[in-house]
Amino acid sequence: GESVGLHLPTLSVQEGDNSIINCAYSNSASDYFIWYKQESGKGPQFIIDIRSNMDKRQGQRVTVLLNKTVKHLSLQIAATQPGDSAVYFCAEAPGGSQGNLIFGKGTKLSVKP
Amino acid sequence: KAGVTQTPRYLIKTRGQQVTLSCSPISGHRSVSWYQQTPGQGLQFLFEYFSETQRNKGNFPGRFSGRQFSNSRSEMNVSTLELGDSALYLCASSGGTSKGNTIYFGEGSWLTVV
């Protein structure tokens, strides 16, 4: 498939290291945030989400941190693997459960074996 | 449980033509939303349908339209295609009725306008 998201910020990490991907969101009214992973030629894949009444949420090898004061979101991936190589997008939902997400520009994660 | 299904996966159209893309949401999901993804603009929200009604709309011209059927399946249409409409068109579905409903994406339809 074609590549989308050219000229993205790139994060290059060694296999086994931890990765941290950052995102600034725009709307103070947003109360739901999602991280997606997109591999080449595929649609965005849900990773983890967090509501605005939380500041941290953990999943399997992933943690999302939310700082509402500075409107900042981060995704931490523990023990990064080659299969984690992809473009990562944060998305904010000003409408809560409604489907009108606002996406960040994306970060390309490259994992070196 | 089947995921979000989009058809066709790839298509090529000529400037001035129109195109219709189809999306079948995850079973039980009532919200379907559409996004355009390009290298320059990233992922941009087009519109969202819930129970056959357009609930939200992004900042796209009127050439972009959509609809949702009683079985929650959705179609989007782009009329009078322009070269700049070449993009990956993504459909997403969710339950859409309570806060924090997870939004799942399909694999997209790659549209090339020549």
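Up top is the structure.
Source: prediction; values computed, not measured.

### A look at the overall build of chain B
Stage number 1. The number of helices and strands found in chain B is zero helices and eleven strands.
Stage number 2. Listing the helices and strands of chain B from first to last along the sequence gives β-β-β-β-β-β-β-β-β-β-β.
Stage number 3. Taken over C-alpha atoms, the radius of gyration comes to 13 Å for chain B, in line with the 13 Å a tight globule of 114 residues would show.
Stage number 4. Its C-alpha atoms give chain B principal-axis dimensions of about 40 × 25 × 25 Å.

### Looking at the sheet that holds strand β7 (residues 64-68) of chain B
Residue and element names in this part refer to chain B.
Stage number 1. Spatial strand order, β1-β3-β8-β7: four strands in an open sheet with antiparallel pairing. With one partner strand each, in any of the chains shown, β1 (5-7) and β7 form the two edges of the open sheet. In this sheet, adjacent strand axes meet at a mean angle of 20° when their direction is disregarded.
Stage number 2. Pairing of β1 with strand β3 (residues 19-24), which is carried by three bridges, proceeds in the antiparallel orientation. Within β3, the residue paired with Thr 7 across the bridge is Ser 22.

### Some remarks on the pairing of β3 of chain B
Along any regular strand the residues' side chains alternate between the sheet's two faces.
Stage number 1. As defined by bridge partners, β3 of chain B adjoins strand β8 (residues 74-78) of chain B across five bridges and the pair is classed as antiparallel. Looking across to β8 of chain B, one finds that Thr 20 of chain B is bridged to Asn 77 of chain B.

### A few points about the environment of Val 78 of chain B
Residues and elements named next belong to chain B.
Stage number 1. Relative to the helices and strands, Val 78 is located in strand β8.
Stage number 2. Overall, Val 78 belongs to the buried group, its relative accessible area being 1%.
Stage number 3. Distance from Val 78 to Val 19, taken between C-alpha atoms, is 5.4 Å for residues 59 residues apart in sequence.
Stage number 4. Not counting residues within four places of it along the chain, the set of residues in contact with Val 78 comprises Gln 17, Gln 18, Val 19, Arg 63, Phe 64 and Asp 85.

### What about the side chain of Asp 84 of chain A?
Residue and element names in this part refer to chain A.
Stage number 1. Turning to its location among the elements, Asp 84 is positioned in the loop between β7 (72-77) and β8 (86-92).
Stage number 2. When its relative accessible area of 7% is taken as the criterion, Asp 84 is described as buried.
Stage number 3. Those residues in contact with Asp 84 that lie beyond four places of it in its chain are Lys 37, Arg 61, Ile 77, Ala 79, Leu 109 and Val 111.

### Things to note about unusual backbone geometry
Stage number 1. With an omega dihedral of -10°, the bond running from Thr 7 of chain B to Pro 8 of chain B counts as a cis peptide bond.
Stage number 2. Mapped onto the elements of the fold, Pro 8 of chain B is located in the loop between β1 and β2 (10-13).
Stage number 3. The phi dihedral of Arg 61 of chain A falls on the positive side, at around 65°, and the residue is not glycine.
Stage number 4. In this structure, Arg 61 of chain A sits in the loop between β5 (56-58) and β6 (62-67).
Stage number 5. Arg 61 of chain A sits in the partly exposed class, given a relative accessible area of 30%.

### Things to note about the layout of surface pockets
Stage number 1. Taken as a whole, the largest pocket encloses approximately 260 Å³ of empty space.
Stage number 2. Taken together, 14 residues line the largest pocket, and the ones lying closest to its centre are Leu 43, Gln 44, Phe 45, Asn 59 and Phe 60 of chain B.
Stage number 3. If you list the elements that add at least two residues to the lining of the largest pocket, you get β9 (102-103) of chain A together with β5 (42-50) of chain B.
Stage number 4. Counting residues per element, the lining of the largest pocket draws most heavily on β5 of chain B, at four residues.

Cut-offs and rules
- Residues numbered from 1 in each chain as written.
- Chains lettered and ligands numbered in written order.
- Predicted model: local features only at pLDDT ≥ 70, side-chain atom pairs only at ≥ 80, totals over all residues.
- Heavy atoms only, no water.
- Helix = DSSP H or I, 4+ residues; strand = E, 2+ residues; numbered from the N terminus.
- Rg over C-alpha atoms; globule rule 2.2 N^0.38 Å.
- Pairing = 2+ DSSP bridges.
- Axes fitted to C-alpha atoms, helices over the stretch in contact; angles between N-to-C directions.
- Buried < 20%, exposed > 50% of the residue type's maximum accessible area, 1.4 Å probe, protein only.
- Contact = heavy atoms within 4.5 Å.
- 1 Å grid on protein atoms, 1.4 Å probe; cavity = no way out; pocket = protein on both sides within 12 Å on 5 of 7 lines; lining within 4 Å.
- Points joined across faces, edges and corners; volume = space filled by probe spheres on them.

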